[in-house]
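# Close look at the chain arrangement
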Amino acid sequence: MSASVDPDRSEWDVIVLGGAAAGENAAQYATQFSGLDAVIVEQGLVGGECSYWACMPSKALLRPVEVLSAARDLPGVSELIGDRALDSKAVLARRDTVVKHLDDSSQVQWALGVGIDIVRGRGRLDGERAVVVVDSAGRERRLTARHAVVLDTGSTPFIPSVPGLREARPWVSRDVTNLHDVPTRVVVLGGGVVACEAATWLNGLGAETTVVHRGERVLAKNEPFVSDLVVGSFRESEVGVRLRTSVTSVRRADVNRAGVGHLHGGELTMTLSGGDMITADEIVVATGRTANSEGIGLETVGLDPGGPVNVDDHMTVTGVAGDWLYAIGDLCGRALLTHMGKYQARIAGNVIAARAAGRPLGDGPFTPYADVADHDLVPQVIFTDPEIGLVGLTEAQARARNLDVEVVEYDLAALAGTYVLRDNYVGRAKLVLDRSADVVVGATFAGTGVAELTHSATMAVVAKIPVPVLWHVVPSYPTVSEAWLRLLETLNAVRHT
Ligand SMILES: Cc1cc2nc3c(=O)[nH]c(=O)nc-3n(C[C@H](O)[C@H](O)[C@H](O)COP(=O)(O)OP(=O)(O)OC[C@H]3O[C@@H](n4cnc5c(N)ncnc54)[C@H](O)[C@@H]3O)c2cc1C
C-alpha cells in the first residue's frame, strides 16, 4: 500500500527511522497522550522483519510441526495420522496468509488511523534532528524533527567468511522463513535459536536436515539441559547434528538469481573441519546478526557506524548531546527479540513525550521511563520440539554475578498436567534462586506447553516474589504450571536435608 503524506511537509515532532513493530510502538507511545505528531520512515514493509520474515512466518511453520508431534503421541488421534507427513503445500499457504502475502496495508492503515504518518524510502541522519529520505525513484526529501529521532533499523544476517559460501548464495533467515521450495537435503549452519527453529520446521516439511555447529552445544547461552533435549529430539527425528564442526569451504557449480525462498542453484558440496564432505540442495546460514548501523548517517552526528548503537536506560543514544536521538530494537543490541524491542520502544516513546512536556523522568526501580527488563530479566520462548521457555539468569550467569546461588530442577514428565497432554512427554524445569534474598532470579522450562508458562516465571523474577509467597500461588490441576509446586517441594526437600 502506498503511504503518503503531504509531499511538502517537512517537519514533525518525532521521526522514527525504520517502521518495524518497535518503531510503530515508539511513534504510538510518543504521540498517544502528548499532542505530539510523528512520522515513520520505512524503506520496505511497515511491520518490519518480525511480521513478514522472522517471528510470524517461523511460528506459522512451526505450529503444524508441534501439533503433529503431539498428535502422534495421543492414542485415538495417532491412528488417524499413521505415518503421514505434513501437507507442506497447505503449511506454506497458511504461512503466506500469516505474513499477509507480504502486503503491509493493514499496518499502514493502523498507523495512519492513529495519526502517525508514513514516508516510504531509505532514510539517513543528516545532522541534529534531521533525516534525509531517498525514495524508490531516487528523489530526496529532508525531514526535521522538533523533538526526537528514533532509530529502529534492525539487523541483518551475518555471513561468516568461509571460502565459497557467499558466492554460493546461501539461504538466510528471509529465505528459510519464506521458503517456496522445500530442499530435498539441507544443511543449517549455526546452533542458535534461528538455526534450531529452522531445522525443526525444515525437517517437519520433509527436508533431510543436518545442523552443523562449531560449538559443543546448541542454544549454548541457556541451561545445558536445553541443548541435550533439543539435540536428543533432533536425533530422534533424524535431523543430523554435527557439533564441534565448521564448514571450511563451499562449492556450488551453478548459482542462479532465483528470488527469496527458492533454491539458489544446484547441488552444494561442503567440506567440514575434519575433512568430511557433505552435499545438499541448500544451505541456511544462521550464524548471528549484525546491527544495521551502516549507511544511516551516524557519522553526521559524531558517531561511528558499525556495531550496535549504544543507549542509556532511557533508550537515548550515548555520545550525542541534547537528548534528541534514541535507538531501539536489534540496532541497540540489548536483546534481539521483538518483545524486547517493543518494550524499549514503549520506554523511548514515554521518555520523548515526557521530555517534550518538560516533565522530569524521575527515578525509582520501576518508572515508565527506564529500561529495567534488559538487565537480567529478559524472557524468551524458543519454539523447538520440545519448546523452551526461559527468563532471567542461568545458573552459570548467576554464579558469574557472585549471587548466593541455589538451584532446583524437576522432571516435567512426572506431572499430572503433562501426563494428560501427551504420551512420552519429555521435559525439564530449573529454577535459579538467590538464596540470601529468597527469590527466583532465573527459570528455564523445556517441554510441550511451556511457552505459556514463561510469563508466570517472568512475573516471579521481575517482581522478585519471595519464595514464601510463591507457596500461595496455587497452580490449577492438572496443568503444566504444577511445575511451580513441584519445584518448590523439591527446594523444600533440599533445604531440609
Ligand atoms: C527467523 C527469525 C525468527 C525470529 N523469531 C522471533 C520470535 O519468535 N520472537 C521474538 O521475539 N523475536 C524473534 N526474532 C527476532 C526478531 O525478529 C527481531 O528481534 C526483530 O524483528 C527486531 O526488530 P527491530 O525493530 O529491531 O527491526 P527489524 O524488524 O529488523 O526492522 C527494521 C526496519 O527498518 C527498516 N529500515 C532499515 N534501515 C532503514 C533505512 N535506512 N531507512 C528506512 N527504513 C529502514 C527495515 O526495512 C525494517 O522494516 C526472530 C528473528 C529471526 C531472524
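Owing to the predicted nature of the structure, the values given are computational and were not obtained by experimental measurement. Residue indices follow the written sequence of each chain, beginning from 1 at its first position. With pLDDT at 70 or above as the cut-off, local features in this predicted model cover only qualifying residues; side-chain atom pairs require 80 or more to be listed or tallied, and sums for whole chains, interfaces and linings still use all residues. The side-chain figures draw on all heavy atoms in the structure; neither hydrogens nor water molecules are used.

### Structural notes on the side chain of Arg252
Worth spelling out the cut-off: Note on conventions: DSSP H or I runs of at least 4 residues are helices, E runs of at least 2 residues are strands, and numbering of each starts at the N terminus. Three labels apply to residues, based on accessible area from a 1.4 Å probe with only protein chains included: buried if under 20% of the type maximum, exposed if over 50%, partly exposed otherwise in between. We call two N or O atoms a polar contact when they sit within 3.5 Å, provided that within protein one can donate a hydrogen and the other can accept it, with sequence-adjacent residues counted only if both atoms are side-chain atoms. Contacts are assigned to residue pairs with any non-hydrogen atoms lying within 4.5 Å of each other.
Its place among the elements puts Arg252 in strand E11 (residues 247-252). Its relative accessible area of 8% is what places Arg252 among the buried residues. Within the structure, Arg252 has its side chain in polar contact with the backbone oxygen of Asp281 (distance 3.0 Å). In this structure the side chain of Arg252 is engaged in a polar contact, spanning 2.9 Å, whose partner is the side chain of Glu282. Once you skip the residues sitting within four places of it in the chain, Arg252 turns out to touch Ala168, Arg169, His264, Gly265, Gly266, Glu267, Leu268, Asp281 and Glu282.

### With respect to the site of the ligand
Which entries qualify depends on this criterion: Put simply, a residue is near a molecule or strand once any heavy atom of it comes within 4 Å of that molecule or strand. Accessible areas in this description were obtained via Shrake-Rupley with a 1.4 Å probe; residue shielding takes into account the shown protein chains only. When residues are sorted by character, Ala, Val, Leu, Ile, Met, Phe, Trp, Tyr, Cys and Pro go into the nonpolar class, Asp, Glu, Lys and Arg into the charged class, and all the rest, Gly among them, into the polar class.
Taken together, 34 residues are adjacent to the ligand, and Glu42, Lys59, Gly123, Asp152 and Asp330 come closest. In this structure, His339 approaches the ligand through a side-chain N or O atom, which is 3.2 Å from an oxygen atom. Coverage of the ligand by the protein chains reaches 91% of its 1,000 Å² of free accessible surface. For the shell around the ligand, the elements supplying multiple residues, two or more each, are strand E2 (38-42), helix H2 (48-53), helix H3 (55-72), strand E4 (122-125), helix H7 (173-177) and helix H10 (338-357). A class-by-class count of the residues in the shell around the ligand yields 12 nonpolar, 15 polar and 7 charged.

### Digging into helix H8 (residues 193-204)
Stated formally: One fewer than the residue count of a helix, multiplied by 1.5 Å, yields its expected span.
Here H8 is 12 residues long and its end C-alpha atoms lie 16 Å apart, about the 16 Å a rise of 1.5 Å per residue gives. Buried residues dominate H8, accounting for 9 of its 12 residues. After H8 finishes, the residue Gly206 shows a positive phi value of roughly 100°.

### Concerning the packing of aromatic side chains
Heads up, the rule is: Any two of the Phe, Tyr and Trp rings considered here, Trp counted by its six-membered ring, make a pair once their centres fall within 6.5 Å; the pair's planes then place it as stacked at under 30 degrees, edge-to-face at over 60, or tilted in between.
One pass over the full model with this rule turns up 2 aromatic pairs. Considering the side-chain rings of Phe445 and Trp484, the 6.1 Å spacing of their centres and the 65° angle between planes classify their relative orientation as edge-to-face. Of this pair, Phe445 sits in strand E21 (residues 439-446) while Trp484 is found in helix H15 (residues 482-495), placing the two residues 39 residues apart along the sequence. Like Phe445, the residue Trp484 is buried in the burial classification.

### Describing the nonpolar core
This is how the line gets drawn: Buried Ala, Val, Leu, Ile, Met, Phe, Trp, Tyr and Cys residues form a nonpolar core when they are joined through side-chain atoms within 4.5 Å.
Of all hydrophobic cores here, the largest spans 87 residues; its most connected members are Leu125, Val149, Leu151, Leu325 and Phe445. Here the element with the most residues in this core is H10; it accounts for 8 residues. If we ignore the near neighbours within four places in the chain, the residues touching Leu325 are Leu125, Val149, Leu151, Val301, Leu303, Met315, Thr316, Val317 and Val320. Counting 40 residues, the second largest nonpolar core, distinct from the first, contains Leu179, Leu219, Leu390 and Ala446.

### Section: helix H1 (residues 21-31)
Most of H1 sits inside the fold, with 9 of its 11 residues counted as buried. Turning to H1, its buried residues are Ala21, Ala22, Gly23, Glu24, Asn25, Ala26, Ala27, Ala30 and Thr31. If you follow the buried residues of H1, they end up packed against strand E1 (11-17), E2, helix H6 (105-113), strand E3 (116-120), strand E6 (140-151) and H10.

### Section: the sheet that holds strand E12 (residues 268-272)
We count it as follows: Paired strands, as defined in this entry, are two strands with at least two bridges between them according to DSSP. Here, axes are lines fitted to C-alpha atoms. For helices the fit covers the stretch in contact, and angles between N-to-C directions go from 0 to 180 degrees.
Sheet architecture is open: 3 strands sit in the order E11-E12-E13, paired in antiparallel fashion. With one partner strand each, in any of the chains shown, E11 and strand E13 (277-280) form the two edges of the open sheet. Put simply, the sheet's adjacent strands are angled 20° from each other on average, direction ignored.

### Things to note about the pairing of strand E8 (residues 185-189)
Heads up, the condition is: Crossovers are described as right-handed under a simple rule: with the strands pointing away from the observer, the path leading from the first strand over the helix to the second runs clockwise.
Across the 5 residues of E8, 4 count as buried, placing the element largely inside the fold. In this sheet, strand E9 (residues 208-212) lies alongside E8 in parallel orientation, the contact comprising 5 bridges. Residue pairing in the sheet places Arg185 in a bridge with Glu208 of E9. Handedness of the crossover is the feature at issue here: the chain leaves E8, passes through H8, returns alongside E9, and the resulting connection is right-handed. Of the pairings in the sheet, the one linking E8 to strand E14 (residues 282-285) comprises 4 bridges and is parallel in character. By the bridge assignment for E14, Val188 is matched with Val284.

### Some details on the sheet that holds E8
Strand order in the open sheet formed by 4 strands is E10-E9-E8-E14, and the pairing between neighbours is parallel. If you trace the sheet from one side to the other, it starts and ends with strand E10 (240-242) and E14, each paired once. For this sheet, the mean inter-axis angle between neighbouring strands, taken without regard to orientation, is 20°.

### Digging into the pattern of salt bridges
Our working definition: For this analysis, a salt bridge means a side-chain nitrogen from Lys or Arg found within 4 Å of a carboxyl oxygen belonging to Asp or Glu.
Under the counting rule described, the total for this entry stands at 33 salt bridges. We note a salt bridge from Glu66 to Arg63, for which the minimum N-O separation is 3.3 Å. Highlighted residues: Glu66 and Arg63, both in helix H3, separated by 3 residues, approximately one helical turn. A relative accessible area of 27% means that Glu66 is categorised as partly exposed.

### Focus: the layout of surface pockets
Under the convention used in this document: Using a 1 Å grid laid over the protein atoms alone, points where a 1.4 Å probe fits but cannot get out form a cavity; open sets with protein on both sides within 12 Å along at least 5 of 7 lines form a pocket; any residue with an atom within 4 Å of a point counts as lining. Grid points are joined across faces, edges and corners, and a volume is the space filled by probe spheres set on the points.
Space inside the second largest pocket adds up to approximately 730 Å³. Breaking the lining of the second largest pocket down by element, the ones donating at least two residues are H3, H8 and helix H9 (224-236). In terms of residue count, the dominant contributor to the lining of the second largest pocket is H9 (6 residues). Looking at the lining of the second largest pocket, its residues break down into 10 nonpolar, 11 polar and 6 charged.

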